[in-house]
Amino acid sequence: MTSPAASDRCRPRWLARALETHVALPLFAVLPLLAIWVATFHFIETERRAAVGAARDAVREQLETYEAQVARNLNAIDQTLKVIKYSVELNGTHAALPTLRAEELLPPGLVFQVSVADRDGAIVDSNPSMPAHDVSRAPYFTVHANGSGHAVFVSQTVGDTARSEPHLHFTRRIEDGHGRFAGVAIVEVDPAYFTSSYERSRGGELGLLALVGSDGVARAVRIGDKVSWGQPIALDGIGEEALAPQPTAPDGIERYAGARRLAGFPLTAVVGLADSEQMAQYEQHYGTYLVGATAASSLLVAVVAMISAWSWQVAKARRRERQAQQTYAAASEASPDAFFVLRSVTGADGTIVDFLVEGSNSRSELFTGIASEALRGQLLGDALPYYRTNGMWEHLVQVVLEQRVIEAEWQAASGPTAGRWLQRQIVPVEGGAVAMVRDITERKLAEERIRHMAHHDELTGLPNRSLIRDRLDQAVRNAQRNGGHLALAFVDLDGFKLVNDGLGHNAGDELLKVVGSRMEACLRRTDTLGRLGGDEFVILLPEAGESPLALTPVLEKIRQAVTEPVQIGDQAVRVSCSMGVVVYPRDGEDPKTLMMNADAAMYRAKDLGSNNFQFYTREMNASVEAKLVMLEDMRRALDTTLADETHDATDGQAPALQAPAGRFHLLYQPKVDLRTGRLFGVEALIRWRHPEHGIVPPMRFIGLAEESGLIVGLGEWVVRTACRQAQLWRAAGLDPLTVSVNVSARQFEEKRLVDRIAGALRDTGLPPCALDLEVTESLLMRDLNQAIERMRELKEMGVTLSIDDFGTGYSSLSALKSFPISTLKIDKSFVRDLASSSDDQAIALAVISLGHRLHLRVIAEGVETVEQRDFLLANDCDEMQGYLFSPPVPAERITEMLQAQQRQPRDVAQLAGARA
Ligand SMILES: Nc1nc2c(ncn2[C@@H]2O[C@H](COP(=O)(O)O[C@H]3[C@@H](O)[C@H](n4cnc5c(=O)[nH]c(N)nc54)O[C@@H]3COP(=O)(O)O)[C@@H](O)[C@H]2O)c(=O)[nH]1
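Cut-off values and rules
- Residues numbered from 1 in each chain as written.
- Predicted model: local features only at pLDDT ≥ 70, side-chain atom pairs only at ≥ 80, totals over all residues.
- UniProt positions renumbered as here; feature names shortened; annotations may be inferred.
- Helix = DSSP H or I, 4+ residues; strand = E, 2+ residues; numbered from the N terminus.
- Buried ≥ 20, exposed ≤ 12 C-beta atoms within 10 Å, placed from the backbone.
- Pairing = 2+ DSSP bridges.
- Axes fitted to C-alpha atoms, helices over the stretch in contact; angles between N-to-C directions.
- Contact = placed C-beta atoms within 7 Å.
- Parallel < 35°, antiparallel > 145°, perpendicular 65-115°, else oblique.
- Left-handed = near helix turned anticlockwise from the far one by under 90°.
- Nonpolar A, V, L, I, M, F, W, Y, C, P; charged D, E, K, R; others polar.
- Core = buried A, V, L, I, M, F, W, Y, C linked by C-beta atoms within 7 Å.
- Near = placed C-beta within 6 Å.
- Expected span 1.5 Å × (residues − 1).
- Arc of directions from axis to C-beta.

Under an unreviewed UniProt entry, the chain has the name EAL domain-containing protein and belongs to Massilia cellulosiltytica. Of the chain, the UniProt comment under Catalytic activity (unreviewed entry) reads exactly: "3',3'-c-di-GMP + H2O = 5'-phosphoguanylyl(3'->5')guanosine + H(+)".

Below is the structure:
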C-alpha cells in the first residue's frame with residue numbers, strides 16, 4: 001500500500017506545488033469570480049434590453065395617443081374651416097360668421113381665433129372679433145389666392161401685426177359659385193394647443209412632443225414644461241418605431257423617437273423620450289449590480305487572499321521545516337557523529353524504563369554494529385545492553401527529566417568501539433532525547449601528545465622544566481605533610497659547548513641523549529630526571545634522607561656515568577658534569593628557593609674546576625649576587641662610556657683615550673711581521689676600569705656580557721672606538737695599521753652585525769681593509785652555513801677575517817677551506833711550551849703548513865720568549881703577537897711606536913722591548 005507520504009513523493013514537484021492551497025485556491029477562485037461577473041453583466045444586459053423595450057413601447061404608445069389627439073384637434077379645426085367656408089359660400093363674406101355665431105356653430109374663442117378674409121385679403125370678420133387688417137401678403141393668402149387646391153394650409157407658427165402671440169394659421173380657400181377665389185377661411189391656433197396632452201409622468205423632464213410641418217419646421221414643440229416652435233426638425237432619421245436613441249432637435253439630446261404623418265394634413269406628430277430618463281432606472285440598477293458584483297468579488301478575493309496567505313505561510317513553514325529536516329538528515333548523514341533519536345518508554349508508574357530508537361543515521365552502525373534500519377524501532381536496552389553500564393542510561397534519564405543538555409566523554413569498554421574514546425552529547429527533545437556520539441580517540445591522543453610535549457623535553461623525552469616544577473611542588477607538599485626530606489640536584493655538563501660548537505648541533509644532541517639516559521639509569525623509579533634546557537639537567541630525589549652525605553653514592557655514580565666516553569660517529573668524546581645539591585628543608589622550604597640554591601651550588605661546582613658535586617651552603621648565594629651586581633655595574637659603565645662619547649662628539653672634542661673610572665677603554669697590542677720586525681697591526685683589547693675594583697680583565701666580564709646579551713652593545717662600542725683610533729693614526733700620517741677586533745659568538749650571530757660594522761666604518765672613515773675581525777673556530781662551527789654567509793658579506797665589504805685560537809676547536813678542514821679568511825692565529829696555549837714540547841711544536845708546524853697551503857697568513861700569539869720567536873721564524877710563521885714585543889698598551893704608546901718606526905724601523909723593536 002502506498003502511504004500518503006509516498007504518494008506525495010511520487011507526485012511531480014510542479015503538481016505538488018500547484019495543489020498547494022495558496023496556488024490552487026486563487027486559480028479556483030477565478031471561476032466564482034467569473035460567474036459573478038457573467039451573471040452581473042447578464043442581468044445588466046437583460047435590464048438594459050427591458051429598459052430599451054419599455055422605452056420603445058412608451059414611445060409607440062405615446063405616439064399613438066398623441067397622433068390620435070392631434071388628429072382629433074386637426075379634424076376639429078378642419079371642421080371649423082369647412083363650416084366657415086360653407087357659411088361664406090352660403091351667406092356671403094360678411095354674414096358668414098354672424099350666421100354661425102347665431103347658430104352657435106363657432107368654436108369657443110378661447111381655443112380658436114376664427115376669421116374670414118375677402119378676396120382682397122382684408123379680414124372682414126373674426127371671432128372673437130379683432131380689428132380689420134390686411135392678410136393679402138400672408139403666405140396662406142397667396143397660396144389660396146394663386147392655387148386652386150382645396151386642402152388645408154397650415155402656416156408656420158408666427159406672431160403678426162394682428163396678434164403678437166405666436167399662433168398657427170389653418171386656412172381653406174373659399175370660392176364663389178363659379179369656382180373663383182372668393183377669400184380665405186382662417187383658424188388661428190395657439191401652438192400649445194397641440195402639446196397640451198403632454199404628461200410629465202410619462203414623458204419625463206426631457207420628453208418631446210412635436211408637430212412638424214412637411215417643410216421640416218416645427219409648428220409646436222414641447223419639452224418638459226417648455227413649449228417652443230419654429231425649429232427645424234429633420235424627420236428623415238425618425239421612423240414610426242423608435243429603434244435606438246438618437247440625438248434629436250432642437251436640443252440634440254439622445255432620445256428614443258417616433259413619428260407619424262397625420263392623414264389629410266401636411267403635418268407629422270413626433271414623440272421623443274430621453275434616453276437618460278428612460279434608462280435612468282436601468283442605470284441605477286446597473287450601478288447597483290456593479291457595486292454588488294464588485295463587493296462580492298472583493299469579498300471573494302479578500303477571503304481567497306487571506307486563505308492563500310495563510311496557506312502560503314503554512315506551506316512556507318512546512319517547506320522550511322522540510323528543508324530543515326532534509327538539511328538535518330543530510331548533515332547527520334555527512335556528520336562524523338552517530339545520531340540517535342530516542343523516545344522515552346515509561347512504565348506503569350510513569351518512570352522511564354527504557355528508550356525506543358526512533359531513528360539513527362548510517363554512521364551509528366560504526367558505533368553500535370547494528371544497521372540503522374535494524375536499530376530503528378528497537379529498545380535501547382535490548383539492542384545495546386551496555387548503555388546501562390557506561391553512564392549513557394543515567395544521562396539519558398537525567399536529560400529527559402531535567403530538560404537540559406549533557407555532555408560527557410568516556411572510553412568504551414565494550415561494543416565495536418571498545419577501547420576508543422567517545423564523546424556523547426544528549427539533547428532533550430519532545431518525548432525523549434537526541435544522543436550524538438563522536439569518536440574522539442584521535443583528539444584524545446593528540447591532547448595526550450600535546451600534554452606530553454608540554455611537559456617533556458622533545459630531544460631527550462625527559463620531563464621539562466614545567467613538569468619538574470610540578471613534581472617538585474608535589475614532593476615539597478608531601479615532605480611538608482609527612483615531615484620528610486627530598487633532594488634536588490642541578491647538573492650542568494662540562495665541555496658540552498665545545499662538543500656542540502665543534503662537532504655541530506647533531507653531535508651535541510646525541511651527547512645529551514646518551515648522557516641523559518645514563519643518568520636516568522642511576523636513579524630509582526621514584527626519582528625524576530629532567531632537562532631544563534641546553535646542557536642543564538635536574539634530578540629530584542623525593543625520598544632522600546636527612547643527611548646530604550647519604551646522597552654521595554648516587555651522585556658519585558652519576559658523575560662517573562657521565563664521564564664515560566661517548567661515541568659520536570667515529571669520534572669518542574668525553575664530558576663531565578658539575579652538580580649542585582640541596583636538601584629540603586635544610587636548604588630551602590619552597591621549590592623556588594630550592595632551585596635557586598641548587599643553581600648556586602652547581603655554579604660553585606663549576607668554579608671549583610667542574611666534574612664534581614657541591615652541597616649548597618649559605619655563602620654560595622653571595623657569588624650569584626656578586627654576578628648580578630657585576631652585570632649592573634657593567635651596564636652602568638657602558639652607558640657612562642657611551643654618554644661620555646656623545647658629549648665629546650657634541651663638544652667637537654676627540655674622546656679621551658684613557659678612560660676614567662667606571663668606564664670601558666681599549667688597549668692595543670701590536671702585531672709585527674716576524675721577518676721584518678715591522679709593526680703592521682694592532683689587536684684592540686677591552687679593559688674595564690671599575691670604580692672599586694680597579695682594572696677588570698676581559699676574562700672576568702666578557703663571559704657575563706655574552707651571557708646577558710650586553711656584548712652586542714659593548715662590542716659595537718669596541719668596533720667604533722678601534723676604527724676611530726685607527727683612523728686617527730692614519731690621519732696623523734703614521735704608517736697605516738690594520739686594527740683587529742675580537743667578535744664573540746653572540747655578536748657574530750646578531751642579525752645587524754654587518755650593518756653595525758658598515759656604520760662604524762662609514763662614521764669613522766676608516767677604509768674597510770684596515771679592519772680585521774677575529775673570530776674563534778668554535779664560534780664558526782655553531783652554524784657553519786650562516787657563519788660562511790656572514791663572513792662572505794663582511795669580506796665583500798672589504799673587511800678581513802682571522803681565525804683566533806686556532807687549534808683549540810674542532811674545525812673541519814673542509815669547512816676551513818670555504819671560510820673567506822685571511823689569517824690563522826696559533827693559540828697561545830701551543831706557543832707557551834713551544835721550546836720544550838714536541839707536541840706543541842708539531843701543532844704549530846701543522847698550523848703554519850695548513851695556513852700556507854690555504855694561502856693564508858699565520859700569526860702566533862702569546863710569544864714571550866726569543867726561543868719561541870726563533871722557532872716560529874725558522875718555521876716560516878708570518879707574524880707574531882706577544883709580550884716579547886709588547887703587551888697590550890694604550891693608544892698613545894702605539895703612536896710613539898709608529899713614530900719611532902717611521903724614524904728608524906729598527907728602533908721599534910728596541911723601543912717596544914724597553915717599555916714592556
Ligand atoms: N669579544 C671580545 N673579546 C675580547 C675583547 N677584548 C679582549 N677580549 C678577549 O678577552 C680574552 C682575554 O683578553 P686579554 O685579557 O686582553 O688577553 C689578551 C692579551 O692580553 C693576551 N696576551 C697577549 N700577549 C700575550 C703573551 O705574550 N702572553 C700571555 N700570557 N698573554 C698574552 O692574550 C689575549 C689576546 O688573546 P686573543 O684574543 O686570543 O688574541 C681574550 O680571549 C680576548 O679575545 C673584546 O673587545 N671583545
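Colleague: Looking at this structure, how should I read the overall build of the chain?
Modeller: Helix and strand counts for the chain stand at 31 helices and 32 strands. Scored against the burial criterion, the 916 residues of the chain give a buried share of 35%.

Colleague: What exactly am I supposed to notice about the sheet that holds strand S10 (residues 253-261) here?
Modeller: Each strand in a sheet pairs with its neighbour through backbone hydrogen bonds, running either in the same direction (parallel) or in the opposite one (antiparallel). As summarised here, the arrangement of the six strands in space is S8-S7-S6-S11-S10-S9, forming an open sheet in which the pairing is antiparallel. The two strands at the open ends of the sheet, each matched to only one other strand, are strand S8 (226-228) and strand S9 (246-248). On average, each strand axis in the sheet is tilted by 30° relative to the strand beside it, whichever way the strands run. Sitting on the sheet, helix H3 (residues 21-91) touches strand S6 (208-213), S10 and strand S11 (267-274), and the angle it makes with S11 is about 150°.

Colleague: Help me out: how do you make sense of the packing of helix H21 (residues 710-731) against helix H23 (residues 753-764) in this one?
Modeller: For any two helices packed against each other, one specifies the inter-axial angle together with the distance between the axes. Two numbers describe how H21 lies on H23: the axes approach to 9 Å, and their chain directions differ by 30°. The angle between H21 and H23 places the two elements in the roughly parallel class. At the point where H21 passes H23, the crossing takes the right-handed sense. Contact with H21, carried on its side by Glu716, Val719, Arg720, Cys723, Arg724 and Gln727, involves Arg756, Ile757, Ala760, Leu761 and Thr764 of H23 and no other residues of that element. Here the residues of the contact of H21 with H23 are counted per class, giving five nonpolar, two polar and four charged.

Colleague: Sorry if this is basic, but what is going on with the nonpolar core here?
Modeller: Within soluble globular proteins, side chains that are nonpolar tend to cluster in buried spots. One finds Ala722, Cys723, Val739, Ala860 and Met880 to be the most contacted residues of the largest nonpolar core, which totals 72 residues. Sorting elements by how many residues they give to this core places H21 first, with eight residues. Among the nonpolar cores identified, the runner-up in size contains 61 residues, and Ala55, Ile77, Ile84 and Val270 belong to it.

Colleague: Is there a simple way to explain the site of the ligand in this structure?
Modeller: Lining the immediate surroundings of the ligand are 22 residues, of which Leu685, Ile686, Pro698, Asn742 and Gly882 lie closest. Within the residue set of the shell around the ligand, elements represented by two or more residues are strand S25 (679-690), helix H20 (698-708), H21 and strand S29 (800-806). Residues belonging to the shell around the ligand are distributed by class as follows: ten nonpolar, six polar and six charged.

Colleague: Help me understand the UniProt feature "transmembrane region" (unreviewed entry) in the chain in this model?
Modeller: Cross-referencing UniProt, the feature "transmembrane region" (unreviewed entry) maps to residues 23-44 and 289-312 in the present numbering. Summarising residues 289-312: 100% helix, 0% strand, and an end-to-end C-alpha distance of 33 Å.

Colleague: How should the pairing of S29 be read in this particular structure?
Modeller: On a regular strand, each side chain points to the face opposite its neighbour's, so the side chains alternate between the two faces of the sheet. When you tally the buried positions in S29, you get six out of seven residues, the bulk of the element. Here strand S28 (residues 771-776) runs beside S29; their pairing, made up of five bridges, is parallel. Within the sheet, the bridge partner assigned to Thr776 lies in S29 and is Asp804.

Colleague: Just checking my understanding: could you explain unusual backbone geometry for this structure?
Modeller: Excluding glycine, most residues fall at negative phi; most peptide bonds, likewise, are trans. Of note, the amide linkage connecting Asn127 to Pro128 takes the cis form, showing an omega dihedral of -15°. In this model, Tyr584 is joined to Pro585 through a cis peptide bond whose omega is 5°. Examined against the element boundaries, Pro585 turns out to sit in the loop between strand S22 (576-584) and helix H18 (591-607). One non-glycine residue, Gln403, lies in positive phi territory at about 50°. Inspection of the secondary structure assignment puts Gln403 in the loop between helix H12 (392-402) and strand S14 (406-411). The phi angle at Asp876 is positive, at roughly 70°, despite the residue not being glycine. The partly exposed category is assigned to Asp876, around which 14 C-beta atoms lie within 10 Å.

Colleague: Looking at this structure, I do not really get H3. What am I missing?
Modeller: For the α-helix, the turn length of 3.6 residues means that residues three or four positions removed from each other point alike. Over its 71 residues, H3 runs 102 Å from end to end, which matches the ideal 105 Å to within 8%, given 1.5 Å per residue. Looking one or two places after H3, you find Gly92, whose phi comes out positive at around 90°.

Colleague: What is the right way to read helix H17 (residues 552-563) from this model?
Modeller: Given a rise of 1.5 Å per residue, twelve residues ought to cover 16 Å, and the 16 Å separating the end C-alpha atoms of H17 matches this to within 8%. For H17, every residue scored as buried is listed here: Leu555, Ile558, Arg559 and Val562. Down the axis, H17 shows its buried residues gathered within 100° of arc, on one side only.

Colleague: Looking at this structure, how should I read the pairing of strand S16 (residues 432-439)?
Modeller: Inspection of the sheet shows strand S12 (residues 338-346) paired to S16 by six bridges, in the antiparallel sense. When the sheet's bridge partners are listed, Arg343 is paired in S16 with Gly432. Sheet topology note: the strand S15 (residues 421-429)/S16 ladder contains eight bridges and is antiparallel. Directly across from Val427, in S16, lies its bridge partner Val434. The antiparallel pairing of S15 with S16 creates a hairpin that spans two residues between the two strands, and Gly431 there sits at a positive phi of about 80°.

Colleague: Looking at this structure, how should I read the environment of Glu789?
Modeller: The residue Glu789 is located in helix H25 (residues 784-797) in this model. Taking C-alpha positions, Glu789 is 9.3 Å from Phe819, a pair spaced 30 residues apart along the chain.

Colleague: What's the story with the sheet that holds strand S3 (residues 153-154) in this structure? I'm lost.
Modeller: Here five strands make up an open sheet; going across it, the order is S2-S1-S5-S4-S3 and the pairing antiparallel. Of all the strands in the sheet, just strand S2 (123-127) and S3 have a single pairing partner and so form its edges. Across four bridges, the pairing between strand S1 (residues 112-118) and S2 is antiparallel. In the sheet register, Val116 faces S2, and the bridge partner there is Asp125. Sitting on the sheet, H3 is in contact with S1, strand S4 (168-175) and strand S5 (181-189), with an inclination near 150° to S5.

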